[in-house]
Amino acid sequence: MAKASLKELQFRQKLTGNVSELHKKLKELQAELKDLEQETVDIKSLSSVTKQLIDSSIVNHKDKGVRIYAACCIADMLRLYAPDAPYNNTQLKVIFGLFVNELRHIADASSAYANMYYYLLESLSVVKSIVLITDLKNADELMTTLFRNVFDDIRPQQAKNVQICMSELLQHIIDESSQLPQEIVDIILAQFLHKHKFDNPAAYRLACDLGNNCAEKLQRYVFQYFSDIISTAGNGELSHKELEDFKTVHKLVIELNKSTPALLLNVIPQLEEELKLSDVTIRTLATRSLGEMFSEKTSQLATQYESTWKAWLQRRNDKIPQVRIAWIESLVDLIKAHASLSKELSEGLCEKLVDPDEKVRAVACKIIGEFDYETSLHHIQKNTLIQVGHRCRDKKKSVSKEAITTLAVLYNQAYPEIENGTKASISHFGWMVSAILHAVYVNDNETFARSHMTALLKLLETQERSKENGGAEEFEKKLESIVKVISDRLPDPVKSSLLLYKYAKIHDSTFLQLISDCMDSRRSLKEIRKAAKDVIARIENVSPSTLEIFSILIQRISLTLINSEVTSELIQNIAGSDESRQISGELLRSISPIFPAIFIDHLAEITALLRDSTFIGASDALQTLAEFAKQFPKSVPADGKAKETLRQFLTAGTVAQATDATIVLASIANNDAMCRDIAEDISEELDISSPDLLKNLAILSQITLYCPQVFESISRAVVAFIMKKLLLTNTKDQETRYDATEDWVEKSQLDQYSLSKLMGLKVLVNRAIVLLESDPEAAHSAVRPVFQLLWALINQEGELVAEKNTNAVMKSHLRLNAARFVIKLTRGRPAYEKMVAVPDFGRLSLVIQDPVYRVRHGFASRIMKYLRAKELHIRYLAVLMLVAHEPEVDWKSQVQKFLTIQSKNQAIDSNLMLNELTLARALHLLSNHPDFVIKVADNDEKDVFEGTLPTHSVQDLNLAAKYIEFYLDTMANAENISLIFYIASLMKTVRFTTPNDNTYNLYVLSDLAQYLIQERSRSHGWTLTSYPGQVKLPRELFTPLAQNDVSVEISKKIYLPIAWVQAREHKTERKPKISIERKMGQATKRRSRSPSPHSVEDMEDVVREKGVSSSSRVKRPKKAKAEERVAEEPTRKMASRAAKSKATVYKDVESSDEDSEEMESDHSSS
């Protein structure tokens, strides 16, 4: 009976004939074999075909179609005959040679036989027929070729099932092989090298799979691989090539530790032995390698290999400084990744701060400065930081320099929290400023002390007048505030405050004059010292009890380091040697913005130097003169020689020199005629091919600010040139100057024409700023085309040229500058702020998610700077919420800290609800965000707006949830959570003011926000109560819904898809039971102190109670549709994440050039 049920092969033809006939026969045979099953086939019926298939005329046929069909047929034969192959060893070797050769074509997806190549691959891997190759004699070369081919052919773009079959194919060989050829181990390990890892990530992932899935089998081969190389290194001095190979091996060990640590079971002890070798190079390399391996976040090496860990710790006391330095340099990532080890490591680091070798001490200081704020606060002991403070006074300059820099960096990181009064931060970092100043300034001359003493003197001068005018109470408040600021920085703040307040009550005009003399930058050092001595004597006579406090203050505020004599010396030095000129020039540039008055007696000296054509310090002198001219324009030298000298720099000087010279010339009283001549000459010469284009535009940008009436006489021609020629044209050099893969270079590396475009934008913006003050009506006409231009740059991603040939680098700079110029125009200028319409503002906000990190960083930095100074509309806080998906963790953390501090500062005036209303603005932005996609199903029913009911995917809602959670992280607290919940619910009582905006998104986000707020309240133990007050939503964004059936249904409807709630609750493994009933957005009162998010069951119950059928809710996407989805184009967030790898190149670069530009154009507004 069983025999009768077996199925015979029906194919009876001979495998001969021409190519076409043979191809047809093999195809027919393969189709029949494919459907046969091992259990039901009559093996005897296969014997004839089995022998024909291995005929050399077939397996070696020149036609690839014949070969692949034959290979597939043979693979089916092996499947049907399993476990015994119907071929001998020689025949199998020929067969597997055919398989290996044919599998080479698996990478060719466009081949007419692509399906057959995959069929062969799948058959060999699923049936495990490939393991027969391990039984063949002398098959090492064949296996090696197969491994090499697979790793060469695998590609990231290949289908996942192809990659899985490749992986399984190789795993079967490794598992079944009694002895793997060393070449195969070499091929696998080579994929972990840096070059291969990034050249072919699919091959790297394949190697990782093999390493993890076949770890037990591969461990001995990996051990032998490294053992051979390491033992060779320990036998004597290495040649250059051997040393390079040795370094490569250690890099390989580090990579294996990241991806397949199980392979290193026996290798780690070998590295431990390296730590004890006499060769310094090997010992250093082992120390660095183990340090990096211990630093992996998921690594457990320190506990798994305790002896290795202890041996590595001992390298901090190695007799060779080079090894000790290698140990120290490993600590940053190690302490960050493994906080549990921080105490032991911090103590070791503290020891190295007093190491006998200065290089070790310097590196130890430098490394501590590389920790972030949180790590320094929680994992670096205060004693270690204090030891860095001691190193500020180290006898070796290299050490003291690194120590001072480190303390400055740490204090800068901690300053927001110190300013906010965080006790832990104050204790841990607050002392650092004093340590730096004590090391740098012997007399402790603090600029802040001078500024507050100046404020105190001005206030005391008004004391009598305040009493007479009835302003005594206001005077007392100001006095108390200033005294507190000063006394807080004195040794005993409480005592100092009492004594200062006591002396302030004594109206002593002589004292006030003497204090002013101590801070007078125009006085000589001798005069300043005499004034300090006299004021001390005066205090001793009038109020001896305050002498101690004032002695410290006088010492700090006296200009013993910066005074007229020092300035004269610096001016002379900028004409001296290179070293002294550079240092003196740097000091002059630092002093001139702070103490411009100090140069009033040295103007003739500076102008005399500028007349000398051989003077090489002209840039420093001109910048100093320009800073002076900004503050004291009436005192600028106005004689003919001085003017002519300055004018020469406009033609013969650099761009920076011409800029500063223009500031001085434009500041001179009654000099409009010369400025007009300059402006007219430039306007006539404006040409995109001019070599002086950048310089000419820089000159015009300053004339715009400092001599606006002159610029207006030529404005029509200049504006037309910039907007119609400069910005709409690219040069050939611009098109090819940068690599196609580059999307950013620093501004200093831009070509002259690109810089000219940015300068042209600056001219337009400066003009609009100045016109608003002088002629508001003309300003509105002038700024409209400027705004249109800036919006075009933002909307078109920096491309204005018709030919679309602007390079990516320039487009990035144009996008950033356009966005920054928009907020520059609007900051502190309500008239311009009103001109930024809601849709335009939405597009502007997306710049913070630009694919280029430096664009995102530059835009967000400027927003934070203006918000911190309270110069920008509060709606920009909502823009910062879009940083929630920022891929650069450090930068995202900085923005988050800024928002947290801002929220605390704004909470002082709770009546304005600035923090809470930011949620409404953020939800408006998210509702119109291009990534918040709505999908519409044809069979869905109509919603309350008589349109098709849209639906959002779980992925879209998760992305949106991250924004809301980011807002809650920075703005929410127990005190305002009820108000925030109320505002979130109010979103369902309004519609968008702007026509055509999709309000449906807002209702979805409203439900989403309420869910997340309840979830947050429950997890933090916050009480949600009904908010009793009223909230006025931004009128430019929202309009109340009419009170009718539609508005009632909107308020009742649950827009949050059940699928998302289920996924969320499954993720958090919570199933709370609460109701989400609402009354027009009001939060319902609850007995429980910690409200819970909606459960799926409760949501369904509420829907039924409100009379809304389940079909009226958002339906889940059908499974078929989900499977049919193809990869989408990168969204803004996806593009932003893709930019992460490039971001690190630029992330730590200063943007001081951008800030200095801003200072120039802020003159008129200040």
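Residues numbered from 1 in each chain as written. Predicted model: local features only at pLDDT ≥ 70, side-chain atom pairs only at ≥ 80, totals over all residues. Heavy atoms only, no water.

Q: What is the right way to look at the overall build of the protein chain in this model?
A: On a plain count of helices and strands, the protein chain comes out with 62 helices and four strands. A total of 1166 residues make up the protein chain; the buried ones form 53% of that total. Contacts in the protein chain between residues far apart in sequence, at least 24 positions, make up 74% of those at least 6 positions apart. Of the roughly 54,500 Å² of accessible surface on the protein chain, 50% is carried by carbon and sulfur atoms. (Helix = DSSP H or I, 4+ residues; strand = E, 2+ residues; numbered from the N terminus. Buried < 20%, exposed > 50% of the residue type's maximum accessible area, 1.4 Å probe, protein only. Contact = heavy atoms within 4.5 Å. Areas by Shrake-Rupley, 256 points an atom, 1.4 Å probe, with all protein chains shown as cover.)

Q: Before we go on, may I ask you to explain the environment of Val363 in this structure?
A: One can find Val363 in helix α21 (residues 358-368). The contacts of Val363, once residues within four sequence positions are left out, are Ile325, Ile328 and Glu329.

Q: Quick question: what am I supposed to make of the packing of helix α13 (residues 240-259) against helix α15 (residues 280-294) here?
A: In helix packing, the relevant descriptors are the interaxial angle and the interaxial distance, both defined with respect to the helix axes. Contact pair α13 / α15: the axes reach a minimum separation of 9 Å and the direction vectors enclose 15°. As the angle between them shows, α13 and α15 are arranged roughly parallel. As α13 packs across α15, the resulting crossing turns out to be right-handed. Counting all contacts with α13, which are made through Leu243, Phe246, Lys247, His250, Val253, Ile254, Asn257 and Lys258, the residues of α15 involved are Thr281, Ile282, Leu285, Ala286, Ser289, Glu292 and Met293. Here the contact of α13 with α15 is composed, by residue class, of eight nonpolar, four polar and three charged. (Axes fitted to C-alpha atoms, helices over the stretch in contact; angles between N-to-C directions. Parallel < 35°, antiparallel > 145°, perpendicular 65-115°, else oblique. Left-handed = near helix turned anticlockwise from the far one by under 90°. Nonpolar A, V, L, I, M, F, W, Y, C, P; charged D, E, K, R; others polar.)

Q: Can you walk me through the side chain of Asp620 in this structure?
A: Within the secondary structure, Asp620 sits in helix α37 (residues 618-631). Classification of Asp620 by relative accessible area gives buried; the value is 7%. With near-sequence residues (within four places) excluded, Asp620 lies in contact with Ile574, Arg581, Gly585 and Arg589.

Q: Would you explain unusual backbone geometry in this entry?
A: Across the chain, the bulk of peptide bonds are trans and the bulk of non-glycine residues have phi less than zero. Between Ala82 and Pro83 the backbone carries a cis peptide bond, its omega angle lying at 10°. Tracing the backbone through its elements, the reader meets Pro83 in the loop between α4 (64-81) and α5 (89-103). Even without being glycine, Lys128 reaches a positive phi, approximately 70°. Taking the relative accessible area as the measure of exposure, Lys128 reaches 45% and is therefore partly exposed. Positive phi, normally seen in glycine, also occurs at Lys804, with a value near 55°. Judged by relative accessible area, Lys804 falls into the exposed class, the value being 56%.

Q: Would you take a moment to explain the packing of helix α38 (residues 640-652) against helix α40 (residues 672-685) for this structure?
A: In the contact formed by α38 and α40, the axes pass within 12 Å of each other and the chain directions differ by 15°. Overall, the two elements α38 and α40 adopt an arrangement that is roughly parallel. As α38 runs across α40, the sense of the crossing is right-handed. Contacts from Lys643, Arg647 and Leu650 in α38 reach Met674, Asp677, Ile678 and Asp681 in α40. When the residues that make up the contact of α38 with α40 are grouped by side-chain class, the tally is three nonpolar, no polar and four charged.

Q: Explanation requested: the pattern of salt bridges in the structure shown.
A: Close approach of charged atoms allows side chains with opposite charge to pair. Going through the model one piece at a time under the given rule, you end up with 30 salt bridges. The salt bridge partner of Arg324 is Asp355, with a shortest N-O separation of 2.9 Å. Pair noted here: Arg324 is in helix α18 (residues 321-329) and Asp355 is in the loop between α20 (342-352) and α21, with a separation of 31 residues, a long-range link. Comparing Arg324 with Asp355, the two get one shared label, buried. For Glu746, the salt bridge is made with Arg854, and the minimal N-O distance between the two is 2.6 Å. With Glu746 in the loop between α43 (732-736) and α44 (752-774) and Arg854 in helix α49 (residues 853-868), this residue pair connects regions lying 108 residues apart in the sequence. Glu746 gets classed as buried once you look at its relative accessible area, which sits at 17%. (Salt bridge = Lys/Arg side-chain N within 4 Å of Asp/Glu carboxyl O.)

Q: What should I look at first to understand the confidence of the model for the protein chain in this one?
A: A low pLDDT means the predicted coordinates there should not be read in detail. For the protein chain, mean pLDDT is 81; residues scoring 70 or higher make up 85% of the total. In the model, residues 936-948 has pLDDT below 50 throughout and makes 26 contacts with residues more than four positions away in sequence or in other chains. (pLDDT = per-residue confidence, 0-100.)

Q: Is there a simple way to explain a negative patch on the surface in this structure?
A: On the surface, Asp677, Glu680, Glu684, Glu685 and Asp692 cluster together into a negatively charged patch. Here Asp692 is to be found in the loop between α40 and α41 (693-706). (Patch = residues over 30% accessible without salt bridge, like charges linked within 9 Å, V, L, I, M, F, W, Y side chains within 5 Å. Lys, Arg positive; Asp, Glu negative; His and termini not counted. Charge placed at Lys NZ, Arg CZ, Asp CG, Glu CD.)

Q: Teacher, can you tell me more about the packing of aromatic side chains here?
A: We describe a pair of aromatic rings using the distance from one ring centre to the other and the angle between the two ring planes. Per the counting criterion, the structure on display carries 19 aromatic pairs. With a centroid separation of 5.1 Å and 80° between ring planes, the pair formed by Phe841 and Tyr876 is classed as edge-to-face. Here Phe841 is found in helix α48 (residues 838-845), whereas its partner Tyr876 is found in helix α50 (residues 876-880), with 35 residues between them in sequence. Considering the side-chain rings of Phe992 and Phe1038, the 6.2 Å spacing of their centres and the 35° angle between planes classify their relative orientation as tilted. Here Phe992, found in strand β3 (residues 990-992), pairs with Phe1038, found in strand β4 (residues 1038-1040); they are 46 residues apart in sequence, far enough to count as distant. When its relative accessible area of 2% is taken as the criterion, Phe992 is described as buried. Given a relative accessible area of 5%, Phe1038 falls into the buried group. Directly above the ring of Phe841 sits Arg875, whose terminal nitrogen or CZ lies 4.2 Å from the centroid. (Phe/Tyr/Trp six-rings, centres within 6.5 Å; stacked < 30°, edge-to-face > 60°. Lys NZ or Arg CZ within 6 Å of the ring centre and 35° of its normal.)

Q: Explain the environment of Val879 here, please?
A: Mapped onto the fold, Val879 is located in helix α50. Setting aside its immediate chain neighbours within four residues, Val879 contacts Phe841, Ser845, Ile848, Phe859, Ile863 and Leu925.

Q: Would you take a moment to explain the state of the cysteines for this structure?
A: Simply put, disulfide is the name for a covalent bond between the sulfur atoms of two cysteines. A complete count under the given rule lists zero disulfides for this structure. Cys365 forms no disulfide, and the closest cysteine sulfur to it belongs to Cys392, at a distance of 7.5 Å. Cysteine Cys707 shares no disulfide, and the gap to the nearest cysteine sulfur, in Cys675, comes to 4.2 Å. (Disulfide = S-S within 2.5 Å.)

Q: So what exactly am I meant to see when it comes to helix α7 (residues 140-153) here?
A: Residues spaced three or four apart along an α-helix face the same direction, because each turn holds 3.6 residues. Its 14 residues place the ends of α7 20 Å apart at the C-alpha level, agreeing with the 20 Å of an ideal helix rising 1.5 Å per residue. Of all the residues in α7, the buried ones are Leu142, Met143, Thr144, Leu146, Phe147, Asn149, Val150, Phe151 and Asp153. (Expected span 1.5 Å × (residues − 1).)

Q: Help me understand the environment of Leu124, please; the structure alone is not making it clear to me.
A: Among the structural elements, Leu124 can be located in helix α6 (residues 114-126). Remark: the alpha-carbon pair of Leu124 and Arg79, spanning 45 residues in sequence, is separated by 8.7 Å.

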